[in-house]
Amino acid sequence: MLKNIHADSIRRPGVSHHISDHLIHELSRATTRSSFFQTLSGLLKQHFHFDRLCINLYDQKNELLTYFSAAQGTVVSSLSPVRKAEKTTVAGHVIASGKPVVILDIAEHFAKSQLHPMTEAGLTTTTAFPLILNDEILGTLHCSFVQKPDDLYRKMELLLELCPFIAVCLGAILAVEQFEQVTLVNPVKSDVLSVHCENFIFESPKMRHLMSMANKVANLDMPVLLLGETGTGKTHLAHYIHYMSKRKKQKFVEVNCPALATTLFESELFGHAKGAFTGASTKRVGRIELAHQGTLFLDEIAELSLEMQSKLLHVLDTRIFERVGESASLSVDARLIAATNVIVPKAINEGCLRSDFYHRLSTITLEIPPLRQRREEIPVLANYFISQLSTLHALPVIRLSKKHMDHFLDHDWPGNIRQLRNVINRLLLKNFMSGELAIEDIHHAMETGRLLCDQGTENDQVKPFKSLKTSSMSLEEIERQHILHVLKKTNGVVSGSRGAASVLGLPRSTLQHKMRKLGIVKHKEQ
């Protein structure tokens, strides 16, 4: 049962918590999100027991909800930390009505829909309150319980009295964050997906199931193999698993396999002794050793030579390795997470991937579905990137009409989330330059970079520039000519916001790997 609760009906005559000056003072001392939320949680626990506490921030422009900080208490793993403020959700209802809400039986209230994430986590009762500052809703405060408390309304009295103070503190913290972001000397690079590790955006049933599995396996301390097309977020998921594991305070060491020359890979991975080979003037600590007690992430594992796959298999089995040029064995304790975009059975049949190596890695396998199989997430992701990138580059926010969004929903997105982010980036720039967006601009932004969306499927055709005569050219030559065309446009620059990798919607390392494969020599680097 869902009830809109009027403040006057909660405040019963003669009953008041009289919030102490000490409590307000403690809250006002916190200057960061985490310190404020931990202080709030600790103070509430002194008054009553709760099973889950969280604060959602409301982005009015894009109608998005995001967590203010990691929730306290019961983990609701299948609830996306960034989502639309739908009126059918608890937070959405609070925002639409501007009034507190209580649901006495979550399972009964959401009985007509799929199993609700809170019910799945064992919660039965929840309360929610609007956080209002200067007549605007900043967000919502949620307090939930495994069992309905007998004195639920008395608990709500305290929360209702606290809400104005919480809203003021939130406003101050967000203002400081905005000021610091504007005055940063070295802002985050534009080619980095700057989403907090705990924020993995998902809305669809497939992604809810995947993230529920990811949370379960995070603490198993076993190798994990991540499958999925290019741009689906395998690296981000690897960071997430590390962040949720017991090794989260240790190093996360990433190795992009295609970016390293085969002759140097063993030295890069295992390290080498001084004088081990020409140019080895000093001892080098390898990536495996750097990841000791932490996590080693090997991206695009199928790009490794069979010899290196064999040596890694030995390390997985024995947890022992040797530096190049040394005979002494070293032990290592590192969790391995590997990722690939290849079709595994095909790679094994073609001799690109050792079957024993695959079976050793695939005890836990998580496959991220492509964006075209979870289209309901496209509006949320698009609006999230609009908000993120417009802030990052100080560009005007764009609003996508229903007609614009229909084109987004109809597109196949061969480059998945990475392509979507790049398309939003281009549209923000186009809007900044011309002050308007036409449907043709969206088509152009979607087609730019589509050629090299290397997703490992056979159905996606490569589309060259119209200026190329392709009737008698091989697919490889078309790809080569397209890369050369873009390199010419960027004056040979590969990386950076105006480099060829950005124009093509590819990671720099992936483009460099393709260039080596196609025999393209770059003439200039940024």
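Small disclaimer: the values here were computed from a predicted structure and weren't measured.

## Some thoughts on the pairing of strand S16 (residues 335-340)
Here S16 lies mainly inside the structure; six of its six residues are buried. Where burial is concerned, the two faces of S16 agree: the one with Arg335, Ile337 and Ala339 and the one with Leu336, Ala338 and Thr340 are both buried. Inspection of the sheet shows strand S9 (residues 224-227) paired to S16 by four bridges, in the parallel sense. What sits directly across from Leu226, in S16, is Ala339. Direction of pairing for strand S13 (residues 295-299) relative to S16: parallel, over a ladder of five bridges. Paired with Leu296 across the strands is Leu336, a residue of S16.

## Describing the nonpolar core
Phe36, Leu40, Leu44, Ile55, Leu141, Ile166 and Leu170 are the most contacted members of the largest nonpolar core, which totals 32 residues. Counting residues per element, the ones that place at least two in this core are helix H3 (33-45), strand S2 (52-59), strand S7 (125-133), strand S8 (136-145) and helix H7 (152-182). Among the elements that take part in this core, H7 stands out by supplying 12 residues, more than any other. Sequence-distant contacts of Phe36, that is, excluding residues within four places in its chain, are made with Leu27, Ala30, Ile55, Phe68, Ile166, Cys169, Leu170 and Ile173. One finds Leu298, Ile301, Val332 and Ala338 within the second-largest nonpolar core, a separate group that totals 29 residues.

## Quick notes on helix H16 (residues 402-410)
All of the buried residues along H16 are His404, Met405 and Phe408. Taken end-on, H16 shows its buried residues confined to a sector of 95°, consistent with a single buried face. Residues of H16 that are exposed and angled more than 90 degrees away from the buried face: Lys402, Lys403 and Asp410. In this structure, the buried side of H16 is in contact with helix H15 (378-393), helix H17 (416-434) and helix H18 (439-447).

## Here's the deal with the confidence of the model for the chain
The share of residues in the chain with pLDDT of 70 or more is 82%, and the mean pLDDT across the chain is 79. Mean pLDDT values over the elements of the chain span from 47, in helix H1 (residues 7-10), up to 95, in S9. In the predicted structure, residues 6-18 sits below a pLDDT of 50 and forms 20 contacts with residues beyond four places in sequence or in another chain. For residues 181-198, every residue scores under 50 in pLDDT, and the model assigns this stretch 24 contacts once sequence neighbours within four places are set aside.

## Focus: the sheet that holds S16
What links the strands of a sheet is backbone hydrogen bonding, and the strands pair in either a parallel or an antiparallel sense. Read across the sheet, five strands follow the order S10-S13-S16-S9-S17 without closing on themselves; strand pairing throughout is parallel. On the outer flanks of this sheet lie strand S10 (252-256) and strand S17 (364-367), each paired with one strand and no other. Neighbour to neighbour, the strand axes of the sheet diverge by 20° on average, direction disregarded. Relative to S17, S9 is paired through four bridges, and the arrangement is parallel. By the bridge assignment for S17, Val224 is matched with Ile364. Its contacts with the sheet place helix H9 (residues 234-244) against S9, S10, S13, S16 and S17, and it is angled at close to 150° to S9.

## Overview of H9
Count 3.6 residues to each turn of an α-helix, and residues three or four apart come out pointing the same way. Those residues of H9 that fall on the buried side of the exposure criterion are Lys234, His236, Leu237, Ala238, Tyr240, Ile241 and His242. Of the surrounding elements, those touching the buried residues of H9 are helix H8 (205-217), S9, S10, S13, S16 and S17.

## Concerning unusual backbone geometry
Positive phi outside glycine occurs at Asp221, with the angle close to 55°. Within the element layout of this structure, Asp221 appears in the loop between H8 and S9. Note on Asp221: relative accessible area 24%, which makes it partly exposed. The backbone of Asn491 sits at a positive phi, close to 55°, despite the residue not being glycine. Along the polypeptide, Asn491 turns up in the loop between helix H19 (475-489) and helix H20 (500-504).

## Quick notes on empty space enclosed by the protein
Under the definition given, this model contains one cavity of 30 Å³ or more. Computed from the structure, the largest cavity encloses a volume of approximately 40 Å³. For the largest cavity, the full set of lining residues is Leu225, Ile301, Ala302, Thr340, Val344, Leu353, Tyr358 and Leu361. Here the residues of the lining of the largest cavity sort into seven nonpolar, one polar and no charged.

## Quick word on the packing of H8 against H9
To characterise two packed helices, one gives the angle between the axes of the helices and the distance between these axes. Look at H8 against H9: their axes get within 9 Å of each other, and the N-to-C directions meet at 40°. Viewed along their axes, H8 and H9 adopt a mutual orientation that is oblique. Touching Leu210, Met211, Ala214 and Asn215 of H8 are Leu237, Tyr240, Ile241 and Met244, all from H9. Split by residue class, the contact of H8 with H9 holds seven nonpolar, one polar and no charged.

## Description of the pattern of salt bridges
With the rule as written, the count across this model stands at 17 salt bridges. The closest approach of N and O atoms between Arg374 and Glu377, which form a salt bridge, is 2.8 Å. Its relative accessible area of 0% is what places Arg374 among the buried residues.

## Re the packing of H15 against H16
At a minimum axis distance of 10 Å, the contact between H15 and H16 shows a crossing angle of 115°. With respect to the hand of their crossing, H15 and H16 are arranged in right-handed fashion. Judged by residue contacts, Ile378, Pro379 and Ala382 of H15 engage Met405, Phe408 and Leu409 from H16.

## Details of the side chain of Asp441
Position of Asp441 among the secondary structure elements: in helix H18. Owing to a relative accessible area of 19%, Asp441 belongs among the buried residues under this scheme. Only 2.8 Å separates the side chain of Asp441 from the backbone nitrogen of Ala438, close enough to count as a polar contact. Setting aside chain neighbours within four positions, we find Asp441 in contact with Leu427, Lys430 and Glu436.

The rules we used
- Residues numbered from 1 in each chain as written.
- Predicted model: local features only at pLDDT ≥ 70, side-chain atom pairs only at ≥ 80, totals over all residues.
- Heavy atoms only, no water.
- Buried < 20%, exposed > 50% of the residue type's maximum accessible area, 1.4 Å probe, protein only.
- Helix = DSSP H or I, 4+ residues; strand = E, 2+ residues; numbered from the N terminus.
- Pairing = 2+ DSSP bridges.
- Core = buried A, V, L, I, M, F, W, Y, C linked by side-chain atoms within 4.5 Å.
- Contact = heavy atoms within 4.5 Å.
- Arc of directions from axis to C-beta.
- pLDDT = per-residue confidence, 0-100.
- Axes fitted to C-alpha atoms, helices over the stretch in contact; angles between N-to-C directions.
- 1 Å grid on protein atoms, 1.4 Å probe; cavity = no way out; pocket = protein on both sides within 12 Å on 5 of 7 lines; lining within 4 Å.
- Points joined across faces, edges and corners; volume = space filled by probe spheres on them.
- Nonpolar A, V, L, I, M, F, W, Y, C, P; charged D, E, K, R; others polar.
- Parallel < 35°, antiparallel > 145°, perpendicular 65-115°, else oblique.
- Salt bridge = Lys/Arg side-chain N within 4 Å of Asp/Glu carboxyl O.
- Left-handed = near helix turned anticlockwise from the far one by under 90°.
- Polar contact = N/O pair within 3.5 Å; in protein donor to acceptor, adjacent residues only side chain to side chain.

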